[in-house]
Amino acid sequence: QHGRVLDRPRNGAYEVCGSWLAHVRSWTAKPHQQLRIVRYEDMLADPAKVFGEVVSFLRMDADSSLIDQAIEGTSFEALQAAEAAAGFAERPKDTRRFFRSGTTEQWRTVLSEEQVTRIVRPCEREMRKFGYWLPEFDQLKTKPAGQEGAPTGLAR
């Protein structure tokens with residue numbers, strides 16, 4: 001559950017950047033709270049639908065043209081251009097840019113099977129709960145640690 005604390009804005013709150021699992025657990029630990037889960041993959045697939053659902057959940061008064069304008073202003077390309085022009089405070093100092101590619105499924109070509117295993121084993125419960133667990137991950141649960149190979153032998 002380790003992370004790093006971002007620089008605190010003058011009138012802002014501290015923000016800790018940690019693992020995906022720590023992040024998910026921090027937001028979903030209290031089942032009684034009103035919460036709207038938004039997955040990046042769903043936003044990419046149908047931004048108008050998902051963003052509209054968020055606006056509705058927040059009981060905001062926004063028509064479809066305002067929603068379309070917000071979607072365009074926060075598109076990956078717009079955020080990447082804004083970062084190039086003015087920087088991005090959340091970018092870790094050891095990376096060239098925060099908004100790197102904006103696509104999904106990169107893990108299939110970038111991560112080794114060992115890396116995928118190290119990610120999915122501790123995250124199984126949350127990955128299942130939020131629709132990220134894939135049937136191919138079941139084989140990784142039974143492999144002895146350290147027996148995973150590279151490149152990933154998972155289905156592509």
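Reading guide: rules and limits
Residues numbered from 1 in each chain as written. Predicted model: local features only at pLDDT ≥ 70, side-chain atom pairs only at ≥ 80, totals over all residues. Heavy atoms only, no water. Phe/Tyr/Trp six-rings, centres within 6.5 Å; stacked < 30°, edge-to-face > 60°. Buried < 20%, exposed > 50% of the residue type's maximum accessible area, 1.4 Å probe, protein only. Lys NZ or Arg CZ within 6 Å of the ring centre and 35° of its normal. Axes fitted to C-alpha atoms, helices over the stretch in contact; angles between N-to-C directions. Helix = DSSP H or I, 4+ residues; strand = E, 2+ residues; numbered from the N terminus. Parallel < 35°, antiparallel > 145°, perpendicular 65-115°, else oblique. Left-handed = near helix turned anticlockwise from the far one by under 90°. Contact = heavy atoms within 4.5 Å. Core = buried A, V, L, I, M, F, W, Y, C linked by side-chain atoms within 4.5 Å. Salt bridge = Lys/Arg side-chain N within 4 Å of Asp/Glu carboxyl O. Patch = residues over 30% accessible without salt bridge, like charges linked within 9 Å, V, L, I, M, F, W, Y side chains within 5 Å. Areas by Shrake-Rupley, 256 points an atom, 1.4 Å probe, with all protein chains shown as cover. Lys, Arg positive; Asp, Glu negative; His and termini not counted. Charge placed at Lys NZ, Arg CZ, Asp CG, Glu CD. Polar contact = N/O pair within 3.5 Å; in protein donor to acceptor, adjacent residues only side chain to side chain.

Trainee: Let's hear about the packing of aromatic side chains: which residues, and what values?
Mentor: For the coordinates displayed, the defined rule picks out 7 aromatic pairs. Centroid distance Phe-98 to Phe-99: 5.0 Å. Interplanar angle 75°. Geometry classified as edge-to-face. Classification of Phe-98 by relative accessible area gives partly exposed; the value is 38%. Note on Trp-133 and Phe-137: the rings are 5.3 Å apart at their centroids and 75° apart in plane angle, and the pair reads as edge-to-face. A connected cluster of aromatic rings, assembled from ring pairs, spans Phe-76, Phe-88, Phe-98 and Phe-99. Its end group placed over the ring of Tyr-132, Arg-39 keeps NZ or CZ at 4.6 Å from the ring centre.

Trainee: Explain the packing of helix H1 (residues 20-28) against helix H7 (residues 113-129) to me, and be specific about the residues and the numbers.
Mentor: Between H1 and H7, the shortest axis-to-axis distance is 10 Å and the interhelical angle comes to 40°. Overall, the two elements H1 and H7 adopt an arrangement that is oblique. At the point where H1 passes H7, the crossing takes the left-handed sense. In contact with Trp-20, Leu-21, Val-24 and Arg-25 of H1, H7 contributes Pro-122, Cys-123, Arg-125, Glu-126 and Met-127.

Trainee: Mind laying out the nonpolar core, listing which residues take part and the relevant values?
Mentor: In this structure, Leu-21, Val-116, Val-120, Cys-123, Met-127, Trp-133, Phe-137 and Leu-140 together form the largest nonpolar core, which totals 8 residues. Element by element, the count of residues in this core is highest for H7, at 4 residues. If we skip the residues at most four places from it in the chain, Trp-133 touches Val-120, Glu-124, Met-127, Arg-128, Asp-138 and Lys-141.

Trainee: Break down the pattern of salt bridges for me, with residues and values.
Mentor: Applying the stated criterion across every chain yields a total of 10 salt bridges. Measuring nitrogen to oxygen at the nearest pair gives 3.2 Å for the salt bridge that ties Glu-53 to Lys-49. Remark: Lys-49 and Glu-53 occur in helix H3 (residues 47-57); sequence separation between them is 4 residues, near one turn of the helix. For Glu-53, a relative accessible area of 29% puts it in the partly exposed group. When salt bridges that share partners are traced, they join Glu-124, Arg-128, Asp-138 and Lys-141 into one network.

Trainee: Tell me about a negative patch on the surface, residues and numbers included.
Mentor: Together, Asp-61, Asp-63, Asp-68 and Glu-72 line one region of the surface with negative charge. The residue Asp-63 is located in the loop between H3 and helix H4 (64-73) in this model. Classification of Asp-63 as partly exposed rests on a relative accessible area of 47%.

Trainee: Tell me what's going on with the side chain of Glu-136, and back it up with residues and numbers.
Mentor: In this structure, Glu-136 sits in the loop between H7 and helix H8 (138-142). Separated by 2.7 Å, the side chains of Glu-136 and Arg-108 make a polar contact.

Trainee: Could you give an account of the environment of Glu-114, naming the residues involved and the relevant values?
Mentor: The residue Glu-114 is located in helix H7 in this model. Residues Glu-114 and Leu-140 lie 26 residues apart in sequence; the distance between their C-alpha atoms is 8.8 Å.

Function cannot be read off these values alone, since they describe shape.
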